[in-house]
Amino acid sequence: EVQLVESGGGLVQPGASLKLSCVASGFTFSDYWMSWVRQTPGKTMEWIGDIKYDGSYTNYAPSLKNRFTISRDNAKSTLYLQMSNVRSEDTATYYCTRVRSPYVMDAWGQGASVTVSS
Amino acid sequence: DVVLTQTPSTLSATIGQSVSISCRSSQSLLDSAGNTYLYWYLQRPGQSPQLLIYLVSNLGSGVPNRFSGSGSGTDFTLKISGVEAEDLGVYYCMQATHAPLTFGSGTKLEIK
């Protein structure tokens, strides 16, 4: 069974950094592109970015590119999202997704909740 | 960024009723290779989104055939032929033709 389990969320102060993890199981992690998508409290969905199966290439939403970094460790079957200088508008549930051609996000984690507040 | 406008924002249906959701794009989603990267996802209450339709009209794995997708260019429709209780939730369209990938604002389906 394909599983994606996010962790690392919580309450964080504005300006701080936070790193989310997503552990994958039930499939060969290194065969797939992976992505991060977030959902605001108002239920708006926003694509954050993605990373190639070997970690050699990343894409980002332009509005987040300067503060968010996606990486992966294929030996650990783990995807990461490094968030820096967080703002209140980063408050959201963060989902990792598996991506297969043609850009089908066919598996989603349960989500990690991040709240940015002082 | 491409804006996807979904209508209606809320939909109320009885069991067995057929319903449609519209997704209109601010730009054509047809790419130079002739592909249209338009998708539909359903988020049931308390759950993560799940794929329903990819490339406009292709059913995701395990998705019941009462769901169907159609459209081209800038206008797309998701149809549910015979709503069932498990179909309640929020439906999102999504495009991946133009970077960055964007989502519609969602359509909430309620069961009367």
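Engineer: Sorry if this is basic, but what is going on with unusual backbone geometry here?
Structural biologist: Residue Pro102(A) is bonded to the preceding Ser101(A) through a cis peptide linkage, with omega at 0°. With respect to the helices and strands, Pro102(A) occurs in the loop between β9 (92–100) and β10 (104–108). Between Thr7(B) and Pro8(B) the backbone carries a cis peptide bond, its omega angle lying at -5°. Within the secondary structure, Pro8(B) is located in the loop between β1 (4–7) and β2 (10–13). At Leu55(B), a position not held by glycine, the phi torsion is positive, near 50°. Looking at the secondary structure, you find Leu55(B) in the loop between β5 (50–54) and β6 (58–59). Classification of Leu55(B) as partly exposed rests on a relative accessible area of 25%.

Engineer: Any chance you could explain the sheet that holds strand β3 (residues 19–25) of chain B here in plain terms?
Structural biologist: The strands making up a sheet associate through backbone hydrogen bonding, with each pair oriented either parallel or antiparallel. All names here are of chain B. Taken together, the 4 strands give an open sheet; going across it, the order is β1-β3-β8-β7, and neighbouring strands pair in antiparallel fashion. The sheet is open, and its two edges are formed by β1 and β7 (67–72), each paired on a single side. Strand-to-strand twist in this sheet, taken as the mean axis angle between neighbours without regard to direction, amounts to 20°. Strand direction decides the pairing type here: β7 and strand β8 (residues 75–80), joined by 6 bridges, are antiparallel. In the strand pairing of β8, phenylalanine 67 is matched with isoleucine 80.

Engineer: Sorry if this is basic, but what is going on with the pairing of β3(B) here?
Structural biologist: Residues and elements named next belong to chain B. With 5 of 7 residues buried, β3 lies mostly within the body of the structure. Across 4 bridges, the pairing between β1 and β3 is antiparallel. Across the sheet, threonine 5 pairs through a bridge with arginine 24, a residue of β3. As defined by bridge partners, β3 adjoins β8 across 6 bridges and the pair is classed as antiparallel. The residue of β8 that forms the bridge with serine 20 is lysine 79.

Engineer: What is the right way to read the state of the cysteines from this model?
Structural biologist: Two cysteines whose sulfur atoms are joined by a covalent bond form what is called a disulfide. Counted according to the given criterion, the structure contains 2 disulfides over all chains. One disulfide bridge connects Cys22(A) with Cys96(A), the sulfur atoms lying 1.9 Å from each other. Its S-S torsion of about 50° marks the bond between Cys22(A) and Cys96(A) as right-handed, since a negative value means left-handed. Here Cys22(A) is found in strand β3 (residues 18–25), whereas its partner Cys96(A) is found in strand β9, with 74 residues between them in sequence. Cys96(A) carries the same exposure label as Cys22(A), and that label is buried. Linked covalently through their sulfurs, Cys23(B) and Cys93(B) form a disulfide whose S-S length is 2.1 Å. Residues Cys23(B) and Cys93(B) share a disulfide whose torsion about the S-S bond is about 80°; that sign makes it right-handed. Of this pair, Cys23(B) sits in strand β3 while Cys93(B) sits in strand β9 (residues 89–95), placing them 70 residues apart in sequence.

Conventions used here
Residues numbered from 1 in each chain as written. Chains lettered and ligands numbered in written order. Predicted model: local features only at pLDDT ≥ 70, side-chain atom pairs only at ≥ 80, totals over all residues. Heavy atoms only, no water. Helix = DSSP H or I, 4+ residues; strand = E, 2+ residues; numbered from the N terminus. Buried < 20%, exposed > 50% of the residue type's maximum accessible area, 1.4 Å probe, protein only. Pairing = 2+ DSSP bridges. Axes fitted to C-alpha atoms, helices over the stretch in contact; angles between N-to-C directions. Disulfide = S-S within 2.5 Å.

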